[in-house]
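An overview of the molecular structure
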Amino acid sequence: MTCRRRFLQCTALLGAAPGALLGARAATLPELRLSGPPASVSNPLIHLAAQGRVPGLAERVRYLPWRDPDQLRALALRGEADFVAMPTNVAANLYNRGVPLKLVNVSVWGILFLVSRDAERRTLADFRGEEIAMPFREDMPDLVFQEAAQALGLDPKKDFRLRYVASPLDAMQLLITRRVRHALLAEPAVSMALRKTQSFPVSAIAPELHRAVDIQQEWARAFRRRPRIAQAGIVALGAAAQDAALIARFRDAYAGATAWCQSQRAACGAEVAAVESRLSAEAVADSLGAAPLDAVPAAQARDELLFLFERLFKRHPQLLGGKLPDAGFLAGA
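Residues numbered from 1 in each chain as written. Predicted model: local features only at pLDDT ≥ 70, side-chain atom pairs only at ≥ 80, totals over all residues. Heavy atoms only, no water.

A closer look at the packing of aromatic side chains
Working definition: an aromatic ring pair is given by the centre-to-centre distance plus the angle between the planes. Scanning the entire structure with this criterion turns up 8 aromatic pairs. Ring centres of Phe-223 and Phe-307 lie 5.4 Å apart, and the angle between their planes is 80°; on these two criteria the pair is classed as edge-to-face. Residue Phe-223 is located in helix 10 (residues 215-223), and its partner Phe-307 is located in helix 15 (residues 302-315); the two are separated by 84 residues in the primary sequence. Grouped by ring-pair contacts, the aromatic residues Phe-83, Phe-250 and Tyr-254 constitute a single cluster. In this structure, Arg-228 is placed above the aromatic ring of Trp-109, and the distance from its NZ or CZ to the ring centre is 3.9 Å. One cation-aromatic arrangement involves Arg-311 over Phe-307; the distance from NZ or CZ to the ring centre is 4.4 Å. (Phe/Tyr/Trp six-rings, centres within 6.5 Å; stacked < 30°, edge-to-face > 60°. Helix = DSSP H or I, 4+ residues; strand = E, 2+ residues; numbered from the N terminus. Lys NZ or Arg CZ within 6 Å of the ring centre and 35° of its normal.)

Describing the sheet that holds strand 2 (residues 61-65)
In space, the 6 strands of this open sheet follow the order 2-1-3-10-4-11, with mixed pairing throughout. The open sheet has two free edges, formed respectively by strand 2 and strand 11 (296-297), since each of these has just one partner strand. In this structure, strand 4 (residues 101-108) lies alongside strand 11, joined through 2 bridges in antiparallel fashion. The residue bridging Val-106 from the neighbouring strand is Val-296, located in strand 11. Sitting on the sheet, helix 4 (residues 43-50) touches strand 1 (32-36), strand 2, strand 3 (83-87) and strand 10 (232-237), and the angle it makes with strand 2 is about 140°. (Pairing = 2+ DSSP bridges. Contact = heavy atoms within 4.5 Å. Axes fitted to C-alpha atoms, helices over the stretch in contact; angles between N-to-C directions.)

Some words on helix 5 (residues 69-78)
Since the α-helix advances by 3.6 residues per turn, residues separated by three or four positions end up pointing in the same direction. Turning to helix 5, its buried residues are Pro-69, Leu-72, Leu-75 and Ala-76. Around the axis of helix 5, the buried residues are gathered within 125° of arc, so they sit on the same side. Turned more than 90 degrees away from the buried face of helix 5 sit Asp-70, Leu-77 and Arg-78, all of them exposed. Considering only its buried residues, helix 5 is in contact with strand 1, strand 2, strand 3, helix 6 (88-96) and strand 10. (Buried < 20%, exposed > 50% of the residue type's maximum accessible area, 1.4 Å probe, protein only. Arc of directions from axis to C-beta.)

Notes on helix 7 (residues 140-151)
The terminal C-alpha atoms of helix 7, which comprises 12 residues, lie 16 Å apart, in line with the 16 Å expected from a rise of 1.5 Å per residue. Counting buried positions along helix 7 gives 10 out of 12 residues, so the element sits mostly inside the fold. Listing the buried residues of helix 7 in full gives Met-140, Pro-141, Asp-142, Leu-143, Val-144, Phe-145, Gln-146, Glu-147, Ala-148 and Ala-149. The positive-phi residue at the C-terminal boundary of helix 7 is Gly-153, with phi of around 90°. (Expected span 1.5 Å × (residues − 1).)

Describing unusual backbone geometry
In the segment running from Glu-187 into Pro-188, the intervening peptide bond is cis, with an omega of 10°. Its location among the elements puts Pro-188 in the loop between strand 8 (182-186) and helix 9 (189-196). Phi angles above zero are rare outside glycine, and Arg-178 is one such case at about 70°. Positionally, Arg-178 belongs in the loop between helix 8 (168-176) and strand 8.

Considerations on the packing of helix 12 (residues 244-263) against helix 13 (residues 265-275)
At a minimum axis distance of 5 Å, the contact between helix 12 and helix 13 shows a crossing angle of 110°. Considered as vectors, helix 12 and helix 13 are oriented roughly perpendicular to each other. In this structure, helix 12 contributes Trp-260, Cys-261, Gln-262 and Ser-263 to the contact, and helix 13 contributes Arg-265, Ala-267, Cys-268 and Glu-271. Its residues assigned to classes, the contact of helix 12 with helix 13 shows 4 nonpolar, 2 polar and 2 charged. (Parallel < 35°, antiparallel > 145°, perpendicular 65-115°, else oblique. Nonpolar A, V, L, I, M, F, W, Y, C, P; charged D, E, K, R; others polar.)

Okay, structure coming up:
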């Protein structure tokens, strides 16, 4: 049986999933541990933690930020959280390496933009020969950029000078302090950069910036698909991954928190800024308008996940742990 077929086996099981998930109703937890990066995918987690408790889910909710892929992997391996926001390829890699987890949902579909000082550059081809600050080497932003560029007839290694940095916020700092002209950023770092260059005192030294290229649109043009990339979502770890009732209740709570963040952008921005000191409330609110979250249960996102994973597997099998994940990777399958 091919690895593609193993991944697709979940299709036949979807009809029975809701009953299986709701058949047992676990007791309210004394504490629920959440973790995520300084990115949009974490906004609903921060909102849940800001409530202090979630009736029917947990008496206490605690949020622990992770800052880089190494910290994320260590956190997952040590089981220091119950639900963690992460790129979908990292989730697949950890799963294939034996970490007990399930992908609960995909909520990030389009937060990557190439931000530039040059207003006239509108496509990836317009940046041929240019230096671009790139966060998270060989992780999701870099991988999506490389896949789209290659599909559009560009050589990611030869046609661009990629300057790798630790995070989108580090790339943003290089951009607004004139140390690079272009950077691939994820929301809310895009909105942070645009806001900072319009405000005193940063505007005295920072260039005028432009949201030059929507990477999702370039992906759609390259692969003749909708401009949606199954980039990141929420993973259940350890004991939580084995508790179908808990996963179902958490998924509903996250979906409700996502809807709240989208409808109450200013309040959501204030909550996030209170936790992530490098982000401003206004920029977080801006980012929710520019790149809305859409929490899709993992089993329903199967086709988009498979398309992305097959692209990554073809070029870098090790990024997924050497194979496509089987149906057990998806919660509800």
